[in-house]
Amino acid sequence: MNRYAAKGLLWILLSIPASMMIWQLSKADVLAMDLLHPSGEMSIRLMILAMLPGPLSDFFGRNRFFRGWLAIRRNLGVAAFGYALLHLVIYIIDMNSLAAMLDEFVIAGIWTGWLAFALVVPPAAISFNYAMRKLGQNWKKVQRLVYLALIIGLLHWYLLDWAWQPALVHLAPLIVAWILRTMGRRRRHRTQRSMT
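Everything quoted here is computed from the prediction, not taken from an experiment. (Residues numbered from 1 in each chain as written. Predicted model: local features only at pLDDT ≥ 70, side-chain atom pairs only at ≥ 80, totals over all residues. Heavy atoms only, no water.)

1. Observations concerning the overall build of the chain
A count of helices and strands for the chain gives 11 helices and 0 strands. For the chain, the α and β elements follow one another from N to C terminus as α-α-α-α-α-α-α-α-α-α-α. Principal-axis analysis of the C-alpha atoms gives the chain an extent of 65 × 40 × 35 Å. Out of the 196 residues belonging to the chain, those deemed buried represent 37%. A sequence separation of at least 24 residues applies to 69% of the contacts in the chain between residues at least 6 apart. Working note: accessible area of the chain is about 12,200 Å², and carbon and sulfur atoms make up 67% of it. Here the chain carries 21 positive and 8 negative side-chain charges, and the mean point of each set is 29 Å from the other. (Helix = DSSP H or I, 4+ residues; strand = E, 2+ residues; numbered from the N terminus. Buried < 20%, exposed > 50% of the residue type's maximum accessible area, 1.4 Å probe, protein only. Contact = heavy atoms within 4.5 Å. Areas by Shrake-Rupley, 256 points an atom, 1.4 Å probe, with all protein chains shown as cover. Lys, Arg positive; Asp, Glu negative; His and termini not counted. Charge placed at Lys NZ, Arg CZ, Asp CG, Glu CD.)

2. Digging into helix 7 (residues 108–125)
The first and last C-alpha atoms of helix 7 sit 26 Å apart over 18 residues, in line with the 26 Å expected at 1.5 Å per residue. Where the residues of helix 7 are buried, they touch helix 2 (32–51), helix 5 (73–95), helix 6 (98–104), helix 9 (137–143) and helix 10 (145–161). (Expected span 1.5 Å × (residues − 1).)

3. Re unusual backbone geometry
If a residue is not glycine, its phi is most likely negative; likewise, a peptide bond is most likely trans. Positive phi outside glycine occurs at A28, with the angle close to 60°. Inspection of the secondary structure assignment puts A28 in the loop between helix 1 (3–26) and helix 2. What makes A28 exposed here is its relative accessible area of 63%. In this model, N96 sits at a positive phi of 60°, which is unusual for a non-glycine residue. Relative to the elements of secondary structure, N96 occurs in the loop between helix 5 and helix 6. Taking the relative accessible area as the measure of exposure, N96 reaches 67% and is therefore exposed.

Take a look at the structure:
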């Protein structure tokens, strides 16, 4: 399968849950509020999937599996933004009133969601090859906003559900990956020092 066909298939797979949510909403099979959690959770999951291959490939090495995962990392990040946008649209449909949204804005569980969304807009807006070339090293700096967005997004989740376990379960693989990356870097540093 060529690269373009594989990317097309990936995008079809990534869009299936969103398509199902939109279909259910259009047919009035569910209330908008019933889709808030699945759309937000999908955004968080995809964001984590986009963040995992970097630290894991640093620790395990860039074998074929990790090279493939790294090759689709940007797609996963853009899809995470798409689900965050869908989450926002569903929220607007659910609230059905600007006044009601403004009244809720002072609630910590709500403004953290808005802040997390605002933080993922710049990385999503520059997630294409021309922007990478034009921005150079600054491209990575902008992309790092997703780390803060993830933490604030998980805080948003916690403040709305008042249950820390689901958010922690989602964050755990990334924590393990970061720990492995740190251990690998320390090991390499010790090896380099012992060779000199």
